[in-house]
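Structure assessment
Below, each chain spelled out in residue letters.
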Amino acid sequence: MTAAPGRPASLSSFFAPESIAIIGASDDIERIAGRPLHALRTYGYAGRLHVVNPTRPVVQGLPTVARIGDLPGPVDLAILVVPAKRVLEAARECAAAGTRHLVVFAGGFAETGDAGRDAQLELQQIGHAGGMRILGPNCLGMINFEARVFATFSRAAADWGEAGGAALQRGPRSLAVVTQSGALGNYMLTQAIEMGLQVGRWVATGNEVDIEFAEVLEAVIEDPAVCGVLAYLEGARKGPTLVRALRRARELKVPVGLIKVGSTEAGARAVMSHTDALAGDDRVFDALFAETGALRMHTIENLLGLGQLMLRARPAGGNRVLTTISGGER
């Protein structure tokens, strides 16, 4: 869906926000509500960091405000770490305060049935009316390791820090990981960190009320440091954008390794129950992969092996997009 007037058309300030507010942040760094703030403070986020919590004056050593509207001005990114029943109210407050981007972790939306779909539609309407881009709901969030932005509750941030990632400077070549599945995407990321692969950006899109897979793919391939993309796709909501992104990747000679699941009827049902993504006719994806010179593989392990090759290889001289498909998920 095209961004409404006043909404950021680019994802640049989403990936590299100059200001972040965490709404509902907790003192407990082991809880989901405590992890993003802890990671941002521990691993060197350099922008303005705000904490919104109406019940505590200080959280993790930082003073709080009761509402995001109490801050002196709009923030580039707000991270909602509140339960699903509080998401719509918090989103309205973010939109009213001029928030540019919102990350929503909570599940309980379109993936759960009619009531959840209605709530997700309302969340979408809040974002569009308020000029605010939204990642999620039901998502694991986003990491920009290079900018030290941790808008996620994944423990991979701690794994990265313990592996020495926080001491790394931005390198000339890095991988981007784009996934619709938080669980599989998190596994890919933790394995990549264990293998020592340099990942620059990681995004798990979840239910895709607004920001979706193809748009993120389109954004990360334009980063000159990205030498390859590892991706996990359940279904495409924006087919033309996906086609455009893969063609652009081919044009820029940025290889894209892509696991596409849900190729059987049973797999498609499982995918829909997971993130409410329509898997689509796999023959359409076959045609797209053939048109973009796709090479199909089978496992996450092979996909990560491809990532090793992407980091080691010289810039591609051909026009092939590398793609994989999971056999185990059928």
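For every chain, the first residue of its written sequence is number 1, and the numbers climb from 1 along that sequence. In view of the model being predicted, local features appear only for residues whose pLDDT reaches at least 70, and side-chain atom pairs are presented and counted only at 80 or more, with totals across whole chains, interfaces and linings using the full set of residues. Neither water nor hydrogens contribute to the side-chain values; these are computed over all heavy atoms in the structure.

Secondary structure is summarised from DSSP: a helix means a run of H or I of at least four residues, a strand means a run of E of at least two, and numbering begins at the N terminus for each. If you tally the helices and strands in the protein chain, you get eleven helices and 13 strands. Exposure classes here rest on a 1.4 Å probe applied to the protein chains alone. A residue is buried below 20% of its type maximum, exposed above 50%, and partly exposed in between. Taken over 330 residues, the protein chain has a buried fraction of 56%. Should any heavy atoms of two residues lie within 4.5 Å, those residues are counted as being in contact. At a minimum sequence separation of 6, the contacts of the protein chain that also span at least 24 residues come to 77%. Counting only carbon and sulfur atoms, one obtains 53% of the accessible surface of the protein chain, whose full area is about 13600 Å². Using a 1.4 Å probe, the Shrake-Rupley method yields the accessible areas, and only the shown protein chains count as cover for residues.

Taking 1.5 Å as the rise per residue, helix H4 (residues 114-129) with 16 residues should run 22 Å; its terminal C-alpha atoms sit 22 Å apart, in good agreement. When we look at burial in H4, the residues that qualify are Gly116, Ala119, Gln120, Leu123, Gln124, Ile126, Gly127 and His128. The inward-facing, buried residues of H4 contact helix H3 (84-96), strand E6 (101-104) and strand E7 (133-135). A positive backbone phi angle near 70° is found at Gly131, which sits one or two residues after H4. Here, expected helix span is obtained from the residue count minus one, scaled by 1.5 Å.

Attention now moves to the sheet that holds E6. The pairing criterion for strands is at least two bridges between them, as found by DSSP. The strand order across the open sheet formed by seven strands is E3-E4-E2-E1-E5-E6-E7, and the pairing between neighbours is mixed. In the strand order of this sheet, the two ends are held by strand E3 (58-59) and E7, each with one partner.

The contact between helix H8 (residues 239-252) and helix H10 (residues 282-291) brings their axes to 10 Å, and the two run at 20°. Our classification of the angle between H8 and H10 gives roughly parallel. Like other packed secondary-structure pairs, H8 and H10 cross with a definite hand, here right-handed. Here Leu242, Val243, Leu246, Arg247 and Arg250 of H8 lie close against H10, whose contacting residues are Phe285, Leu288 and Glu291. Side-chain classes follow a simple rule in which Ala, Val, Leu, Ile, Met, Phe, Trp, Tyr, Cys and Pro form the nonpolar group, Asp, Glu, Lys and Arg form the charged group, and the remainder, Gly included, forms the polar group. Of the residues contributing to the contact of H8 with H10, the split by class is five nonpolar, no polar and three charged. Note on geometry: axes are C-alpha line fits, over the in-contact stretch for helices, and angles between N-to-C directions span 0 to 180 degrees. Roughly parallel refers to an angle under 35 degrees, roughly antiparallel to one over 145, roughly perpendicular to one between 65 and 115, and oblique to any angle outside these ranges. By convention the crossing between two helices is left-handed if the near helix lies anticlockwise of the far one by an angle smaller than a right angle, and right-handed if it lies clockwise.

This part takes up the confidence of the model for the protein chain. On average, residues of the protein chain score 88 in pLDDT, and 85% of them reach the 70 mark or higher. How sure the predictor is of each residue is captured by pLDDT, a score from 0 to 100. Low pLDDT, under 50, characterises residues 1-5; the stretch is placed with eight contacts to residues that sit more than four places away or in other chains. When the criterion is pLDDT under 50, residues 325-330 qualifies, and its contacts beyond four places in sequence or with other chains add up to 20 contacts.

Next up on the list: the environment of Phe289. Its location among the elements puts Phe289 in helix H10. Residues Phe289 and Leu246, spaced 43 residues apart in sequence, show a C-alpha to C-alpha distance of 8.9 Å.

In this model, Gly136 is joined to Pro137 through a cis peptide bond whose omega is -5°. Tracing the backbone through its elements, the reader meets Pro137 in the loop between E7 and strand E8 (141-144). Although it is not a glycine, Arg148 adopts a positive phi angle of roughly 60°. Turning to its location among the elements, Arg148 is positioned in the loop between E8 and strand E9 (149-152). We classify Arg148 as buried; its relative accessible area is 12%. Here the phi dihedral of Glu208 falls at roughly 60°; this positive angle occurs in a residue that is not glycine. Assignment of secondary structure puts Glu208 in the loop between strand E11 (199-204) and helix H7 (213-220).

Next up on the list: the packing of aromatic side chains. Only centres within 6.5 Å qualify two rings of Phe, Tyr or Trp (six-membered ring in Trp) as a pair; their planes then separate them into stacked at under 30 degrees, edge-to-face at over 60, and tilted for everything else. Applying the stated rule across the entire model yields seven aromatic pairs. Measuring from centroid to centroid gives 5.2 Å for Phe14 and Phe15, while their planes differ by 65°, and the two rings are edge-to-face. Taken individually, Phe14 and Phe15 each receive the classification buried, so the pair is uniform in this respect. Centroid distance Phe105 to Phe153: 4.9 Å. Interplanar angle 70°. Geometry classified as edge-to-face. Remark: Phe153 occurs in the loop between E9 and helix H5 (156-162) and Phe105 occurs in the loop between E6 and H4; sequence separation between them is 48 residues. Of the residues examined, Phe153 reaches a relative accessible area of 18% and is grouped as buried. Here the aromatic cluster, defined as three or more aromatic residues joined through ring pairs, consists of Tyr43, Phe145, Phe150 and Trp160. Positioned above the aromatic ring of Phe15 is the side chain of Arg201, whose terminal nitrogen or guanidinium carbon lies 4.5 Å from the ring centre. Here, a charge over a ring is recorded when the distance from Lys NZ or Arg CZ to the ring centre is within 6 Å and its angle to the ring normal is within 35 degrees.

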